[in-house]
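The lines below spell out each chain.
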Amino acid sequence: MSLPTIFALSPFGGESFLEELITPPSEGFPVSRNTGNIRGGFDGHIYVGGKGAAAPADPVVPWDVDDFVEMGWLTDDGIVNARSRDINEVMAMGVTTAPVWSRVTSQESTLAVTCMGTRAEVLAFFFGQRTTDMTSTAAVTGGSPVPQFTTLIEQATTQPAEYALGIDLVDGDYLYRRFYPRVQVTETGDLSFVTTDPLGYPVTFKAMIGADGTVAKHMWANLALPAAAFPPVIA
């Protein structure tokens, strides 16, 4: 089957520069342009566990409630994953346009999220504490009633709090699950006590190397591998 050809004029005018554009066949788009592969509008869930907690076996099994606690509602800013790496590049004498050798010297993955529910677990996560470090005082009734209240003593520390972290991102039958065996809370954002907006608890955490040497485990439901290797293996 022959495909129609479209010629695009050069942006500099005239027809001296022509680019051939192949239009999709009449039967539909190729697999690489299947619109069902476009994902968005995620429902996101964050699960925090103790460092050393085990990863789920697959992307659909529920998180172990003995090891992980869901953080609840997240703001519509979503979950932002920033990734960066530093590369040491070596140039050779006489070669000025491209390095002849390189090595990754550091790479970093951080995740930022804002929790909305004011719960003991969220507060402990935000302040880098454990709920066992918090105290609950029972309500007092009678002549001078006092409501039940919880106390957290914030102290200076040189060691960031560490956790295991789970993420579920859901779009219909598409489920993307991440598991981080070890993360550190490296930054907490501003708390804004205002009339018009709900109180949020912004937290940024950094992925660290776990005990087994891994940084993260990714699992996608309903995502098949291609029959041929990618990138193609060149003999």
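A few points on the structure. (Residues numbered from 1 in each chain as written. Predicted model: local features only at pLDDT ≥ 70, side-chain atom pairs only at ≥ 80, totals over all residues. Heavy atoms only, no water.)

### A word on the pattern of salt bridges
So, point 1. Taken as a whole, this structure holds 6 salt bridges when the rule is applied.
So, point 2. The partner of Asp171 in a salt bridge is Arg39, and the shortest N-O contact between them spans 3.9 Å. One end of the pair, Asp171, is in strand β9 (residues 162-171); the other, Arg39, is in the loop between β2 (19-22) and β3 (43-50), and 132 residues separate them in sequence.
So, point 3. The partner of Asp168 in a salt bridge is Arg177, with the nearest N and O atoms 2.7 Å apart. Comparing Asp168 with Arg177, the two get one shared label, buried.
So, point 4. Each of Lys51, Glu162 and Arg182 takes part in one network of salt bridges that share partners. (Salt bridge = Lys/Arg side-chain N within 4 Å of Asp/Glu carboxyl O. Helix = DSSP H or I, 4+ residues; strand = E, 2+ residues; numbered from the N terminus. Buried < 20%, exposed > 50% of the residue type's maximum accessible area, 1.4 Å probe, protein only.)

### Some remarks on the environment of Ala221
So, point 1. Structurally, the position occupied by Ala221 is in the segment after β12 (217-220).
So, point 2. Taking the C-alpha atoms as reference points, Ala221 and Pro59, separated by 162 residues in sequence, lie 6.2 Å from one another.
So, point 3. The contacts of Ala221, once residues within four sequence positions are left out, are Pro59, Tyr174 and Leu175. (Contact = heavy atoms within 4.5 Å.)

### Focus on the packing of aromatic side chains
So, point 1. With the rule as written, the count across this model stands at 9 aromatic pairs.
So, point 2. Their ring planes at 80° and their centres at 5.1 Å tell us that Phe125 and Tyr163 sit as a pair that is edge-to-face. Here Phe125 is found in helix α1 (residues 120-127), whereas its partner Tyr163 is found in strand β9, with 38 residues between them in sequence. The same class applies to Phe125 as to Tyr163, namely buried.
So, point 3. Through pairs of rings, three or more aromatic residues link up here, namely Tyr47, Trp63, Phe68 and Phe179. (Phe/Tyr/Trp six-rings, centres within 6.5 Å; stacked < 30°, edge-to-face > 60°.)

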